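Inside the fold
Residue-level listing of the chains:
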Amino acid sequence: MAVTDHVGYAEFMEGVQKRNPGQPEFVQAVGEVAEDIFDFIADKEIYHEYQILRRLVEPDRVVSFRVCWEDDNNNIRVQRGWRVQNNNAIGPYKGGIRFHPTVNRSVLKFLAFEQTFKNSLTGLPLGGAKGGSNFNPKGKSEHEIMRFCQSFMTELYRHVGEDTDIPAGDIGVGAREIGYMFGQYKRITNKFSGVLTGKGLEFGGSRVRTEATGYGCVYFAQNMLERRGQSMDGKMCVVSGSGNVATHAVEKIIHLGGKAVTLSDSEGFIFDRYGIDQEKLEWVKEHKTHRRGRISEYAKVFKGSEFHAGKRPWSVPCQIAFPCATQNEICGDDARTLIGNGCECVSEGANMPTALKGIRSFKDAGLLYGPGKAANAGGVALSGLEMSQNAARLSWDEDQLQQKLRELMQGIHDRCVERGGIAGSDRIDYVRGSNIAGFVKVADAMLAYGVV
Ligand code: NDP
């Protein structure tokens, strides 16, 4: 094969931008990863010769489809659904499904791209994918949600399978939605298989899966702190979001002796000066998950707390920040505010919650910064274990799985350390470490397959 002229980072990104017009989130995610990869492969001709990075930023396929459903007033509603299968070099495609009005091709391509590196980093044999719809579950009745999920799966079923692509939950998709989709898959195919993860315990779900992403991102913070001889004990923590990831992050912060003082949703954030304890957290879980309520209600129920409408929690002084809501929720100014207020550590429960300028500020300030693709990988790792249990027709117990989650997060942390060392210092660039560790395994598998 001919030796290629090396394309530089700027030229490469120009091409990505040109080929993906109107897809800012995807271009942002590629830019963040490619910066580190270009540096790493500078002297590794084989990756250039086989155009590995160029191939990785072109998803294997993007399936787009119409989802029709009927609302409670008998109106016909039309939504768009997608499944982005980014790369299956190291295992079947795997990644969540998101239902949110902001979902589009760009958002799902960014998430599927990130997922490819994240899944590789877990050490499990899983490829990367993501899917979803611009359907807004907010304000919909139980039956409307059910009809939408069934219609969504009526198309999706032909693209997924236990050895092909195994979706899971994400924003707007929890155990209830997974139940409806699994039911429809089973009905259409007449197969009971591990095609989705995050299932109910009664039908093949795994213990600890619900908690895994939130718990995992706190373990990741703990691992970073321990490497510096510190612990979570007594640390003031600011958390954004109030869904699955955020509430379980708060739960683990409580277990490890930290003090969580904020939660948020798309309308604003609550600050509780006394800290969110387990009892208050149970109220939030019930209120947000089962009653589908707003976080502002918290301030009316619990004394010593206040609601800040239309704001994010990053101005509250803290030692550790856990962004657990959505992408680009920490901009450059927010990052500077956190640093100025003494924040020492950021561990991302959400995917790409920090914009590029914010990441630069965290790195320059020498913060312990755990990017989402490492810090929130506990969820997909546990999903991998749900797949193993389904394949073996087994169900592991809680203690076993809690222990496995801790080990998986430690393994992810250590892989980042191995690849992310900063020359001349004992500091770790966890972004670089996770990007390179995630890349190498996928890239080497792609080399083995030749040009496909
Ligand atoms: P949920 O739907 O359970 O909760 C999402 C939370 O984020 C809600 O509080 C929601 O508020 C808030 N939110 C969503 N969009 C916005 C927005 N545009 N602005 C402000 N707040 C917003 O989702 P999860 O907890 O499952 O997911 C949260 C994040 O974690 C996502 O980035 C997801 O990709 C990531 N993640 C999730 C995994 C999982 O296992 N569930 C695995 C790995 C990553 P509101 O109620 O007002 O919409």
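The rules we used
- Residues numbered from 1 in each chain as written.
- Predicted model: local features only at pLDDT ≥ 70, side-chain atom pairs only at ≥ 80, totals over all residues.
- Heavy atoms only, no water.
- Pairing = 2+ DSSP bridges.
- Helix = DSSP H or I, 4+ residues; strand = E, 2+ residues; numbered from the N terminus.
- Buried < 20%, exposed > 50% of the residue type's maximum accessible area, 1.4 Å probe, protein only.
- Near = heavy atom within 4 Å.
- Polar contact = N/O pair within 3.5 Å; in protein donor to acceptor, adjacent residues only side chain to side chain.
- Areas by Shrake-Rupley, 256 points an atom, 1.4 Å probe, with all protein chains shown as cover.
- Phe/Tyr/Trp six-rings, centres within 6.5 Å; stacked < 30°, edge-to-face > 60°.
- Core = buried A, V, L, I, M, F, W, Y, C linked by side-chain atoms within 4.5 Å.
- Contact = heavy atoms within 4.5 Å.
- Domains from an automatic or database assignment.
- Buried area = accessible area lost by both parts, 1.4 Å probe.
- Salt bridge = Lys/Arg side-chain N within 4 Å of Asp/Glu carboxyl O.
- Nonpolar A, V, L, I, M, F, W, Y, C, P; charged D, E, K, R; others polar.
- Lys, Arg positive; Asp, Glu negative; His and termini not counted.
- Axes fitted to C-alpha atoms, helices over the stretch in contact; angles between N-to-C directions.
- Right-handed = clockwise from strand over helix to strand, strands pointing away.
- Parallel < 35°, antiparallel > 145°, perpendicular 65-115°, else oblique.
- Left-handed = near helix turned anticlockwise from the far one by under 90°.

Looking now at the sheet that holds strand β11 (residues 320–322). Reading across from one edge, β7-β6-β11-β12-β13 is the order of the 5 strands in this open sheet, with parallel pairing throughout. The open sheet has two free edges, formed respectively by β7 (259–260) and β13 (368–370), since each of these has just one partner strand. Across 2 bridges, strand β6 (residues 236–239) lies against β7 in parallel orientation. When the bridges of β7 are listed, methionine 236 appears paired with lysine 259.

With respect to the secondary-structure elements, lysine 235 resides in the loop between α8 (209–227) and β6. The class for lysine 235 is buried, based on a relative accessible area of 11%. C-alpha of lysine 235 to C-alpha of proline 167: the two residues are 68 residues apart in sequence and 35 Å apart in space.

Taken together, the neighbourhood of the ligand is formed by 26 residues, with Asp170, Thr213, Ser266, Arg294 and Asn351 sitting nearest. Note that an oxygen atom of the ligand is positioned 2.6 Å from one of the side-chain N or O atoms of aspartate 170. In this structure, an oxygen atom belonging to the ligand sits 2.9 Å away from a main-chain N or O atom of asparagine 244. Alone, the ligand offers 890 Å² of accessible surface; in the complex the protein occludes 84% of this.

A separate point is the packing of aromatic side chains. Within this structure, the stated rule accounts for 21 aromatic pairs. Taken together, a centroid distance of 6.1 Å and an interplanar angle of 80° make the contact between tyrosine 9 and phenylalanine 38 edge-to-face. Of this pair, tyrosine 9 sits in helix α1 (residues 9–19) while phenylalanine 38 is found in helix α2 (residues 24–41), placing the two residues 29 residues apart along the sequence. What makes phenylalanine 38 buried here is its relative accessible area of 14%. Between tyrosine 298 and phenylalanine 302 the ring centres are 4.7 Å apart and the planes differ by 50°, which places this aromatic pair in the tilted class. Taking the relative accessible area as the measure of exposure, tyrosine 298 reaches 0% and is therefore buried.

A word on the nonpolar core. Grouped together as the largest cluster of nonpolar side chains are 55 residues, with contacts concentrated most on Phe220, Met232, Val239, Leu263 and Phe322. The element contributing the most residues to this core is α8, with 9 residues. Sequence-distant contacts of methionine 232, that is, excluding residues within four places in its chain, are made with Val218, Ala221, Gln222, Leu225, Cys237, Ile253, Leu256, Gly257, Gly258, Ile320 and Phe322.

This part takes up the domain arrangement of the protein chain. Split into domains, the protein chain comes out as domain 1 (3–56), domain 2 (61–193) and domain 3 (211–375). The distance between the C-alpha centroids of domain 1 and domain 3 comes to 32 Å. Taken together, the 6 residues of domain 1 in the interface contact 8 residues of domain 3. A combined buried area of about 590 Å² lies between domain 1 and domain 3, and 50% of that area is made up of carbon and sulfur atoms. Summed over the shared surface of domain 1 and domain 3, the number is 2 salt bridges. For the salt bridge of glutamate 32 with lysine 373, the shortest nitrogen-to-oxygen distance reads 3.4 Å. Summed over the shared surface of domain 1 and domain 3, the result is 2 residue pairs in polar contact (both at pLDDT 80 or more). In the side of domain 1 that touches domain 3, the residues fall into 2 nonpolar, 1 polar and 3 charged.

Right, let's get into the side chain of glutamate 329. By the element assignment, glutamate 329 lies in the loop between β11 and α12 (332–340). Buried glutamate 329, no salt bridge; nearest opposite-charge side chain is arginine 312, N-O distance 5.8 Å. Other than its neighbours up to four places away in sequence, glutamate 329 contacts Ser240, Arg312, Trp314, Pro323, Cys324, Asp334, Ala350 and Pro353.

Turning our eyes to something else, we now look at the sheet that holds strand β10 (residues 305–309). An order of β8-β9-β10 is seen for the 3 strands of this open sheet, with the pairing classed as antiparallel. If you trace the sheet from one side to the other, it starts and ends with β8 (262–265) and β10, each paired once. Direction aside, neighbouring strands of the sheet carry axes that sit 20° apart on average.

All right, on to the pairing of strand β4 (residues 127–133) then. Here β4 lies mainly inside the structure; 7 of its 7 residues are buried. Alignment of strand β2 (residues 76–87) against β4, held across 6 bridges, turns out to be antiparallel. Its bridge partner being in β4, tryptophan 82 is matched across the sheet by glycine 132. Relative to β4, strand β3 (residues 93–99) runs parallel, the two sharing 5 bridges. When the bridges of β4 are listed, lysine 94 appears paired with glycine 128. A crossover links β3 with its parallel partner β4, the connecting element being helix α5 (residues 105–121), and its sense is right-handed.

Following both chains from N to C, one finds α1 and α2 inclined at 155°, their axes separated by 10 Å at the closest point. The orientation of α1 relative to α2 falls into the category roughly antiparallel. Seen from above, α1 lies across α2 with right-handed handedness. Residues Tyr9, Phe12, Met13, Val16 and Gln17 of α1 form the contact with α2, whose own contacting residues are Val27, Val30, Gly31, Ala34, Glu35 and Phe38.

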